[in-house]
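Breakdown of the fold
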Amino acid sequence: MQMTKEFIRLSNVSKIYNAHKENEVRANDDMSFSIKRGELTIIVGSSGAGKSTLLNTLGGMDSISEGEVWVNGNDISEYSEKQRTTYRRQEVGFVFQFYNLIPNLTALENVELANEIVNNPIDAKEAMESVGLDKRMNNFPPQMSGGEQQRVAVARAIAKNPSLLLADEPTGALDYHTGKKILKIFQDYVTNTGKNVIIVTHNSLIKPMADHVIEVVDGKIKSDVLNDHKIPVEDLEW
Ligand SMILES: Nc1ncnc2c1ncn2[C@@H]1O[C@H](COP(=O)(O)OP(=O)(O)OP(=O)(O)O)[C@@H](O)[C@H]1O
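The structure displayed is predicted, hence computed values, not measured ones.

1. Here's the deal with unusual backbone geometry
- Of note in this structure, Asp30 is not a glycine but carries a positive phi near 55°.
- Looking at where Asp30 falls in the secondary structure, it is placed in strand S2 (residues 25-36).
- The phi dihedral of Asn161 is positive, around 55°, even though this residue is not glycine.
- With respect to the helices and strands, the residue Asn161 is situated in the loop between helix H5 (146-159) and strand S7 (164-168).
- In this structure Asn161 comes out as partly exposed when scored by C-beta crowding, with 19 C-beta atoms within 10 Å.

As structure tokens, then:
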């Protein structure tokens, strides 16, 4: 089968909380866009715009109310709970704002735990090396800086060898320089592997580092722009 260039396509996707009640919220409202293979995509918007809701949809964490969500040739909006669990486990790597590491396992053990649950993992040590932490493998998370813990979290996501890496405000808890290091890892990952990374953020100043920027306002897509000349993270200032 020929691989198409399109990797993700959302068609008229809505997520409605408390439908038909007084407190109904259209967190995602009639969203349509597509994402090509090998893209670094940034989804940007202010607080409450609907970014996390969208990320939860793409990551198979939640079902939608209306529309279709195609990932890698499959309509994941039709998946049963069980199929969604398999999808989430096998296909998606997650990085969150607050690392979510297990404190009483070493950095390496945190990464190993993730790659044990998938069929086609990357060696945990290799993943640690790829984020520059080969010397800190046997440290426990509380002995590491925020930036180092976030690198472990990125290694953990990469070690699953996912087809899609999702990051929700991955630099939200980090200082400027440390945040830049994390963003560089994501940008290099896309360049080196040809896989897809989607970063959700409220920081519109990082938009130039992406291949594709989707802006969300009030649950709707406000703009959808391809960057022909993305900027290396090193050259980005904010
Ligand atoms: N489980 C839920 N039940 C009801 N409303 C919800 C639920 N989850 C999110 N919402 C609402 O949906 C809207 C979008 O929320 P969402 O978390 O997706 O925004 P966001 O852009 O990620 O914001 P932030 O940057 O602050 O995390 C908000 O109005 C929020 O209150």
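Picking up where we left off.
2. Focus: the site of the ligand
- Not every one of the 13 residues close to the ligand is listed here, only the nearest: Tyr17, Ala27, Ser47, Ser52 and Thr53.
- Those elements that provide at least two residues to the shell around the ligand are S2 and helix H1 (51-58).
- Examining the composition of the shell around the ligand, we find that 3 residues originate from one element, H1, more than from any other.
- Split into classes, the residues belonging to the shell around the ligand amount to 4 nonpolar, 8 polar and 1 charged.

The rules behind the values
Residues numbered from 1 in each chain as written. Predicted model: local features only at pLDDT ≥ 70, side-chain atom pairs only at ≥ 80, totals over all residues. Helix = DSSP H or I, 4+ residues; strand = E, 2+ residues; numbered from the N terminus. Buried ≥ 20, exposed ≤ 12 C-beta atoms within 10 Å, placed from the backbone. Near = placed C-beta within 6 Å. Nonpolar A, V, L, I, M, F, W, Y, C, P; charged D, E, K, R; others polar.

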